[in-house]
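Summary of structural features
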Amino acid sequence: MNDLSGAISYADVALAVALVVVAVAISRVRGLGLEGDMAVALGRSFAQLLAVGYVLAFVFDGHGGLSAVVLAAMVATASFTAGRRARQVPGASVVAAVSLGAATLGTLGVLAGLGIVPVEARAVVPLGSMVLSNAMISASLVMTTLRHDLAAGRREVEARLSLGQTAHHASLPWQRRALRSGMLPIVDSTKVVGLVALPGAMTGMILAGAEPLDAIRLQMVVMYMLLGGNAFAAVVAGELTVRRLFTADHQLVRGLRRTAP
Amino acid sequence: MGDRFEYVDVGVDGDDGPIVSGFSARIPAEGLTAMVGPSGSGKTTLLRLLNRLEDPDAGVVLLDGADVRAYDVLALRRRVQYVGQVPVTFPGTVAANLGAADPEALVARVGLPPSLLSREADRLSVGEAQRMCLARSLALHPEVLVLDEPTAALDTASKAEVEALVRSLADEGLTVVMVTHDPRQASHLADRVVEVRP
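Residues numbered from 1 in each chain as written. Chains lettered and ligands numbered in written order. Predicted model: local features only at pLDDT ≥ 70, side-chain atom pairs only at ≥ 80, totals over all residues.

From N to C terminus, chain B includes seven helices and nine strands. A compact globule built from 198 residues should have a C-alpha radius of gyration of about 16 Å, and chain B, at 17 Å, falls within 12% of that. In terms of overall dimensions, chain B has C-alpha extents of about 50 × 40 × 35 Å along its principal axes. When burial is assessed residue by residue, chain B has 43% of its 198 residues classed as buried. Taking the contacts inside chain B whose residues are at least 6 apart along the sequence as the reference set, 72% of them involve residues at least 24 apart. (Helix = DSSP H or I, 4+ residues; strand = E, 2+ residues; numbered from the N terminus. Rg over C-alpha atoms; globule rule 2.2 N^0.38 Å. Buried ≥ 20, exposed ≤ 12 C-beta atoms within 10 Å, placed from the backbone. Contact = placed C-beta atoms within 7 Å.)

Dropping the structure here:
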């Protein structure tokens, strides 16, 4: 075997900690004050990955039905994280949960429906987690941008409402901007993929011994999946955020109105 | 003639204390009613209750004898046109802002030259922008015009023109409700003055 699949032992992992020791030493010498955070990061990454490794081993070993549970737990964690980032949006965690759930299910549904990937735990869980982690960034960008821009533009929003426009219609220019901000990162990274960095899925396959031309085809599917998933998450998050920032009677919610006289 | 609006024991809460409390007043359907009071007395908030940009925390606002909340809010806002203190222009030309079938007649009605129709709205002077906002409201054929300090941002010449325009709209049969901090403007322009106290 000239690949790294199964070639890394726990002793190797312990040796690699030497690189973290170097980082801690730099922090100490330069007074960065990050030693504590690095220790926490080291401990958490070890514990979290070990736990995930055992969970995935169990799921892949004849318990594929649990994939849904694993993905649901990931969606819940991502929603909590995105919701905390966008906490000025009322009910942000719920907005995130719906948009991330829809993006993950929708994207995996298309991939499976078209027969591009098999409906197996080994495919669905890692692909779903990739969609999710990207969509999480997209959804929280959309929520925070929309909240911020609608507050800043509330005079114009209210002028549009006063002309009899619906909340959805009156907020369209800001929705457009927020959706763009949520999607630009993935559009940009898709443009430079392979030129700036070799992305994770492809790198993983190559390290595991796959042929590069096999690896890039998977990577292409992954990139297109991420684009679609992000767009899906962004548009759902945008629509739901608008519903949280306006009342059913097409009024800005109090928190947005009263930022100034 | 009956009342167009009636405030019945209206209260609105702010983040620190009430903005308006126990306010009652009638606004007749005919002519121009000015609401006068010092800044901070809640005049703007009272206007925003008329087209339901806000709702009161206590009491009720009646339009033609029925709670404003009983009407379809989008239809209500077209009937009751609200123009804020600072003119808000949307991106695009004046014609695009007006979005109406007959923009020439609209700009003529507010005393703007038709040559302005092709100009970008953000290049208008404040006085021109304020009149464009009035034209944009008139395009919806409202029954009521609600104006928040319509001349506060204007120079003396534009102020006189906008005052004359508002007066003529009231004379043509629109119910006009106007907020001003200036008692002299209220007494020389309005048919009726409602005092708002902090």
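In this section: the overall build of chain A. In terms of regular secondary structure, chain A is built from eleven helices and zero strands. Starting at the N terminus and walking to the C terminus, you meet the elements of chain A as α-α-α-α-α-α-α-α-α-α-α. In chain A, the share of contacts with a sequence separation of at least 24, taken over all contacts with a separation of at least 6, comes to 74%.

Residues and elements named next belong to chain A. Two numbers describe how helix H4 (residues 92-113) lies on helix H10 (residues 212-245): the axes approach to 8 Å, and their chain directions differ by 150°. Overall, the two elements H4 and H10 adopt an arrangement that is roughly antiparallel. When you trace H4 past H10, the crossing you get is right-handed. Residues Val95, Ala96, Val98, Ser99, Leu100, Ala102, Ala103, Gly106, Thr107 and Leu111 of H4 touch H10, and the partners they reach there are Met225, Gly228, Gly229, Phe232, Ala233, Val236, Ala237, Leu240, Thr241 and Arg244. Of the residues in the contact of H4 with H10, the class split is 13 nonpolar, six polar and one charged. (Axes fitted to C-alpha atoms, helices over the stretch in contact; angles between N-to-C directions. Parallel < 35°, antiparallel > 145°, perpendicular 65-115°, else oblique. Left-handed = near helix turned anticlockwise from the far one by under 90°. Nonpolar A, V, L, I, M, F, W, Y, C, P; charged D, E, K, R; others polar.)

Residue and element names in this part refer to chain B. As paired elements, strand E1 (residues 3-14) and strand E2 (residues 17-28) share eight bridges and run antiparallel to each other. The residue bridging aspartate 3 from the neighbouring strand is proline 28, located in E2. Here E1 hands over to E2 after two residues, the two strands then running antiparallel side by side. Note: E1 against strand E4 (residues 58-63), five bridges, orientation antiparallel. Bridging across to E4, glutamate 6 finds its partner in leucine 62. (Pairing = 2+ DSSP bridges.)

Looking now at the pairing of strand E7 (residues 144-148) of chain B. Residues and elements named next belong to chain B. Taken across its five residues, E7 has five buried, putting it largely inside the fold. Neither face of E7 is exposed, since Val144, Val146 and Asp148 on one face and Leu145 and Leu147 on the opposite face are all buried. The sheet contact formed by strand E6 (residues 80-83) and E7 spans four bridges and is parallel. Of the residues in E7, the one forming a bridge with tyrosine 82 is valine 146. Bridge count for E7 against strand E8 (residues 175-180) is five bridges, and the pairing is parallel. Within the sheet, the bridge partner assigned to aspartate 148 lies in E8 and is valine 179.

Our next topic: the nonpolar core. By size, the foremost hydrophobic cluster in this structure holds 114 residues, and its most contacted members are A:Leu100, A:Ala139, A:Ala237 and B:Val176. At 15 residues, helix H5 (residues 121-152) of chain A tops the list of elements feeding residues into this core. Contacts of A:Ala237, omitting those with residues within four sequence positions, involve A:Val95, A:Ala96, A:Ser99, A:Ala139, A:Val142 and A:Met143. (Core = buried A, V, L, I, M, F, W, Y, C linked by C-beta atoms within 7 Å.)

All names here are of chain B. In spatial order, the strands read E6-E7-E8-E3-E9; together these five strands make up an open sheet with parallel pairing. Two strands in the sheet have a free side with no partner beyond their single neighbour: E6 and strand E9 (192-195). The mean angle between the axes of side-by-side strands here comes to 20°, regardless of whether they run parallel or antiparallel. Running over the sheet, helix H1 (residues 43-50) touches strand E3 (32-36), E6, E7 and E8 and is turned about 155° from E8.

With that settled, consider the interface of chain B and chain A. Each partner contributes residues to the interface: chain B has 18 residues there, and chain A has 14 residues. Here the side of chain B that touches chain A takes four residues from helix H2 (residues 73-79) of chain B, the largest share from any one element.

This paragraph deals with the sheet that holds E4(B). Spatially, four strands are ordered E2-E1-E4-E5 (chain B) in an open sheet, and the strand pairing comes out antiparallel. Two strands in the sheet have a free side with no partner beyond their single neighbour: E2 and strand E5 (66-67) of chain B.

Residue and element names in this part refer to chain A. Tracing the backbone through its elements, the reader meets serine 79 in helix H3 (residues 67-85). The spatial distance from the C-alpha of serine 79 to the C-alpha of serine 99 is 8.9 Å, given a sequence separation of 20 residues. The residues contacting serine 79, other than those within four sequence positions of it, are Ser93, Ala96, Ala97 and Leu100.

Residues and elements named next belong to chain A. Compared with an ideal rise of 1.5 Å per residue, which puts 22 residues at 32 Å, H4 spans 31 Å between its outermost C-alpha atoms and is within 8% of the ideal. Here H4 has its buried residues at Ala92, Val95, Ala96, Ala97, Ser99, Leu100, Gly101, Ala103, Thr104, Thr107, Leu108 and Leu111. Contacts made by the buried residues of H4 are with H3, H5 and H10. (Expected span 1.5 Å × (residues − 1).)

By a frequent convention, interface size equals the accessible area lost on bringing the separate parts together. Residues and elements named next belong to chain A. Considered domain by domain, chain A is made up of domain 1 (1-61) and domain 2 (64-257). Computed from C-alpha coordinates alone, the two centres of domain 1 and domain 2 are separated by 29 Å. Every contact between the two is made by seven residues of domain 1 and, on the other side, ten residues of domain 2. Class assignment for the residues of the side of domain 1 that touches domain 2 results in five nonpolar, one polar and one charged. (Domains from an automatic or database assignment.)

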